[in-house]
Amino acid sequence: MNLVRPLSRAASSVTYSCPARSLAQTLLSCLTGDRLRHLLPAAHARAVISEGLRDLFLANLLLRGYSKLGLLHDARRLFDGMLHRNLVSWSSAISMYAQHGGDEQALVLFAAFRRSFDEMPNEFLLASVLRACTQSRAVHFGEQVHDTALKLGLDVNIYVGTALITLYAKVACMDAAIRVFHTLPAKSPVTWTAVITGYSQIGEGGLALDLFQKMGVQGVRPDRFVLASAVSACSALAFLQGGRQIHGYTYRCGAVMDASVINALMDLYCKCSRPLMARKLFDRTENLNLVSWTTMIAGYMQNSLDAEAMDMFWQMCQAGWQPDVFACTSILNSCGSLEAIWQGRQIHAHAIKANLDTDEYIKNALIDMYNKCDHLTAARAVFDALAHDDAVSYNAMIEGYARQGDLTEALHVFRRMRYCSIRPNLLTFVSLLGVSSFQSAIELSKQIHGLIIKSGTSADLYMGSALIDAYSKCSLVDDAKAVFLLMHNRDLVVWNAMIFGHAQNEQGEEAVKLFSQLRASGVTPNEFTFVALVTVASNLASMFHGQQFHAQIIRAGADSNPHVTNALIDMYAKSGFIKEGWLLFESTCGKDVVCWNSMILTYAQHGHAEEALRVFQLMREARLEPNYVTIVGVLTACAHAGLVDEGLHHFNSMKTKYGIEPGIEHYASVVNLLGRSGKLHSAKEFIERMPIKPAAAVWRSLLSACCLFGDVEIGRYAAEMALLVDPSDSGPYVLLSNIYASKGLWADVQKLRLRMDYAGTMKEPGIVGLR
């Protein structure tokens, strides 16, 4: 590119030759038509031959023609070769670059204009320069142009003022934008759009809507851009009523057919939890674009309608649209929620083919999707291949390991994060606290707390609740209480965390006191608060507290919440009020699988096997699929009733019929089923054929059965196997000692006691009573 050199300027009045005048008239006639692309090169060649380029008017017309066609290289060659230039020449060249993405060249050319041209810039030239500043986010350069406009008195010009507002709004400098806005004597719809959009983008939807209302009062008719910005402001505020009013206005003025307004309205309805309204609007629209499809997919995902999001995504692909970053990010989130690994891999393949896999959002969405699908190896491969200096990627990987309880790998990623000088944020610490509390790693939890204090985020409410939860799970309730007392302006999440902490550590009275303090502070309890309180009543087996809490739940209107209902059923069952639990179960609408499980386990654990199996049959008739816990309840019921064949049938069919992989609890239940029926040899053979390593609980089930039937030989074998798995467990010693005592083998009892003392195993004291 040639450097701009100072040139002499022609006088503003030029005597045109006949060929130049003829060419100029021809060019003027086709600047607004389709003939320009064919005519322009010929006209330029003719002007060169006839020396018509000396004519400034004709040269500017040629420059304008090249600019309109986007032929930047040809235009710049013409500009650099011009013997004379005027303000129109410079303005055309700078405007050309601003319109066609050459922002840097536009700014360089403006600087050259100020050095080599004595005439002051006009409003059109300044507006073009400001447009280039906006697109390149050159705020400092834009402020210098603003100073120039102030000196020339052009800051109140509608074109310059609008360009300034757009610049400041783009970089979220809304104070500067609104000052310019208020100084403008006249405002166009574009001016209003710029300032309304600016406030909407920084989350100040209220101010955006105030301006939209003032715009209507002043009689300015909003265009499609203003309407789309106003709807976006309603979305940010979740102001459904305001969005509907704008929707009604768009119908009256006909703007509803514009895609930008439709997309904004669909986004509003999705964010206000009205995905069906968004879908109706989508289905009635003919001129859909990629943003329309992406908005609808994201809307389904945001409303946890992940299956619908998946269906919409494949419809979009079949319609010939290529998914972009936003569509892929949304659908990967849905794949993770549905644990749809096959579909997730397909999206991953598409992202690689479309060169989208290096995008920050796609990368993090892939890590999150693989983590949620329990494919940590694939997630780690994406992380290692694509992760750079990005805290979000590290957080996603740490959270993945935290979900699996893999403390070692979570800490490894965290150390790598610190080695790369990436600052951990709130989510990093919350994930680490979750996995450390899951592993009851007390010292690690305290170390993480120290890092949190150093980072300055310990006062954050979300962090405080995570610390309280971590200390509570590690049975450090005093430390949890210390964190709680240090926090000011506690929200309900913090109160709930502390109440749950007391409940988990069987400090029911403290939890009840804390609930009274919560009510006195004016904070309204929610369903999680009530679940914690009902859990307290269950642990205390206190119907006095339980019925009080139940009454408060009814008054608060939380009795229809499934989590609360399930907790209440469990509370009545643990307190021995099975009939009341059944009445509550029967009155519950929309029972989920957890609710059914609560009732099945209640009957099974209290020895009411027939009732438990009847509830299971009702559950199947209600077309609700059982889960892992359901089968445990059914097998427990069969064991209590001695229904060996039926129990084995349910166990053998759980994988083929329901797709449930048997776990330790199921194997232990089958051993208990066989053992209670006196089939001790069958139970022993069943354990030895298990495809997974038997846990101590499995051997203890067999040992309990041996104790019941006084089988010394199998009992001794079961005790030895249980102690191999868990040498510190006192249970096998006690059960085997009881077998020996029942047979009068006191010498063996004495040897067992000595062995227990030698191993340093202490028998846990029994609870003789409860206060």
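All residue numbers refer to position in the chain's written sequence, counted from 1. The predicted origin of the model limits local features to residues at a pLDDT of at least 70 and limits the giving and counting of side-chain atom pairs to 80 or more, whereas totals for whole chains, interfaces and linings rest on all residues. Side-chain measures here rest on the full set of heavy atoms in the structure, leaving out hydrogens and waters.

Considerations on the overall build of the protein
Helix numbering and strand numbering both begin at the N terminus, where a helix is a DSSP run of H or I of at least 4 residues and a strand a DSSP run of E of at least 2. Across its full length, the protein holds 44 helices and zero strands. Buried residues in the protein amount to 49% of all 771 residues. Residue exposure (1.4 Å probe, protein chains only): buried if accessible area is under 20% of the type maximum, exposed if over 50%, otherwise partly exposed.

Topic: the packing of helix 39 (residues 664-676) against helix 40 (residues 680-688)
All axes here are fitted lines through C-alpha atoms, helices being fitted over the stretch that makes contact, and every angle between N-to-C directions spans 0 to 180 degrees. Where helix 39 meets helix 40, the closest approach of the two axes is 8 Å, and the angle between their N-to-C directions is 160°. Here helix 40 runs roughly antiparallel to helix 39, going by the angle between their axes. Between helix 39 and helix 40 lies a crossing whose hand is right-handed. Residues Tyr667, Val670, Val671, Leu674 and Gly675 of helix 39 touch helix 40, and the partners they reach there are Leu680, Ser682, Ala683, Phe686 and Ile687. Gly counts as polar in this scheme, as do all residues outside two lists: the nonpolar Ala, Val, Leu, Ile, Met, Phe, Trp, Tyr, Cys and Pro, and the charged Asp, Glu, Lys and Arg. When the residues that make up the contact of helix 39 with helix 40 are grouped by side-chain class, the tally is eight nonpolar, two polar and no charged. With respect to orientation, any angle under 35 degrees is reported as roughly parallel, any angle over 145 as roughly antiparallel, any angle of 65 to 115 as roughly perpendicular, and every other angle as oblique. Definitions for this section: a left-handed crossing has its near helix turned counterclockwise from the far helix by less than a right angle. A right-handed crossing has that turn clockwise. Here, residues are in contact when the closest pair of their heavy atoms is within 4.5 Å.

A word on the packing of aromatic side chains
Within a pair of aromatic rings, the relevant descriptors are the distance that separates the centres and the angle that separates the planes. Aromatic pairs are defined between Phe, Tyr and Trp rings, using the six-membered ring for Trp, whenever the two ring centres lie within 6.5 Å; interplanar angles under 30 degrees are classed as stacked, those over 60 as edge-to-face, and all others as tilted. Within the structure shown, the criterion is met by 19 aromatic pairs. For the pair Phe110 and Phe141, a centre-to-centre distance of 6.3 Å together with 65° between the ring planes defines the contact as edge-to-face. With a gap of 31 residues between them, Phe110 in helix 6 (residues 103-116) and Phe141 in helix 8 (residues 139-152) connect regions that are remote in the sequence. A network of ring pairs unites the aromatic residues Trp90, Phe110, Phe113 and Phe141 as a single cluster. Our definition puts a charge over a ring when NZ of Lys or CZ of Arg is within 6 Å of the ring centre and also within 35 degrees of the ring normal. The aromatic ring of Phe181 is capped on one face by Lys187, whose charged end is 4.9 Å from the ring centroid.

Some remarks on the pattern of salt bridges
For this analysis, a salt bridge means a side-chain nitrogen from Lys or Arg found within 4 Å of a carboxyl oxygen belonging to Asp or Glu. As enumerated under the stated definition, the model contains 11 salt bridges in all. Of the charged contacts in the structure, one is a salt bridge between Asp368 and Lys372, with a shortest N-O distance of 3.2 Å. Of the two residues, Asp368 and Lys372 are both situated in helix 21 (residues 360-372); the distance of four residues between them amounts to about one turn of the helix. On the accessibility criterion, Asp368 (24% relative accessible area) is partly exposed.

So, the nonpolar core
The nonpolar core is taken to be a set of buried Ala, Val, Leu, Ile, Met, Phe, Trp, Tyr and Cys residues, with the residues joined through side-chain atoms within 4.5 Å. If you look at the biggest cluster of nonpolar residues, it comprises 236 residues, and the most contacted ones within it are Val195, Ile196, Ile468 and Leu702. If one sorts the elements of this core by residue count, helix 15 (residues 259-271) sits on top with eight residues. The contacts of Leu702, once residues within four sequence positions are left out, are Val671, Leu680, Ala683, Lys684, Ile687, Ile714 and Ala718.

Digging into unusual backbone geometry
Residues other than glycine seldom take positive phi values, yet Asn355 does so here, at roughly 60°. Its location among the elements puts Asn355 in the loop between helix 20 (341-353) and helix 21. Positive phi, normally seen in glycine, also occurs at Ser475, with a value near 65°. If you trace the backbone, Ser475 turns up in the loop between helix 27 (461-473) and helix 28 (477-486).

Things to note about the packing of helix 22 (residues 376-386) against helix 23 (residues 391-403)
Helix 23 packs onto helix 22 with a crossing angle of 165° between their chain directions and a minimal axis gap of 11 Å. As judged from the angle between their axes, helix 22 and helix 23 are roughly antiparallel. Helix 22 and helix 23 meet at a crossing whose hand is left-handed. On helix 23, the residues touching Leu376, Ala379, Arg380 and Phe383 of helix 22 are Ser393, Tyr394, Met397, Gly400 and Tyr401. Classifying every residue of the contact of helix 22 with helix 23 by side-chain character gives six nonpolar, two polar and one charged.

Quick look at the UniProt feature "repeat: PPR" (unreviewed entry) in the protein
UniProt positions are given in the numbering used here, feature names are shortened, and annotations may be inferred rather than shown by experiment. The sites that UniProt annotates as "repeat: PPR" (unreviewed entry) are residues 55-89, 188-222, 289-323, 390-424, 491-525 and 592-626. Counted over residues 188-222, helix gives 74% and strand 0%. Its end C-alpha atoms are 9 Å apart. Between the end C-alpha atoms of residues 390-424 there is a gap of 10 Å, over a span that is 74% helix and 0% strand.

Details of helix 29 (residues 492-504)
Over its 13 residues, helix 29 extends 18 Å from the first C-alpha to the last, a length consistent with the 18 Å expected when each residue adds 1.5 Å. Across the 13 residues of helix 29, 10 count as buried, placing the element largely inside the fold. The complete set of buried residues in helix 29 reads Leu492, Val494, Trp495, Asn496, Ala497, Met498, Ile499, Gly501, His502 and Ala503. Working rule for helices: expected span equals 1.5 Å times residues minus one.

Quick word on the side chain of Thr294
In this fold, Thr294 is placed in helix 17 (residues 290-302). A distance of 2.9 Å separates a polar side-chain atom of Thr294 from the backbone oxygen of Leu290. When neighbours within four sequence positions are excluded, Thr294 is seen to be in contact with Asp324, Phe326 and Ala327. Throughout this description, a polar contact denotes any pair of N or O atoms lying within 3.5 Å of each other; where both atoms belong to protein, one of them has to be capable of donating a hydrogen while the other can accept it, and for residues adjacent in sequence the pair is counted only when both atoms sit in side chains.

Some remarks on the state of the cysteines
The term disulfide is used for any two cysteine sulfur atoms that are within 2.5 Å. Applying the stated criterion to the full structure yields zero disulfides. Among the cysteines around Cys234, which has no disulfide bond, Cys272 carries the closest sulfur, lying 8.3 Å off. The structure places no disulfide on Cys328, whose sulfur is separated from the nearest cysteine sulfur, that of Cys317, by 8.0 Å. Relative accessible area serves as the criterion here: at 0%, Cys328 is assigned to the buried category.

Re the environment of Asn395
Looking at the secondary structure, you find Asn395 in helix 23. Separated by 30 residues in sequence, Asn395 and Asn425 place their C-alpha atoms 8.6 Å apart.

Concerning the confidence of the model for the protein
A residue's pLDDT is the predictor's confidence in that residue, given on a scale from 0 to 100. Put simply, the protein has an average pLDDT of 81, and 89% of its residues get 70 or more. Taken element by element, the predicted model of the protein shows its lowest mean pLDDT in helix 1 (residues 18-30) (58) and its highest in helix 17 (93). For the stretch residues 1-17, pLDDT sits under 50, and the model shows 31 contacts to residues farther than four places along the chain or on other chains. Low pLDDT (under 50) marks residues 765-771, which in the prediction has zero contacts with non-local residues, meaning those over four places away or in another chain.

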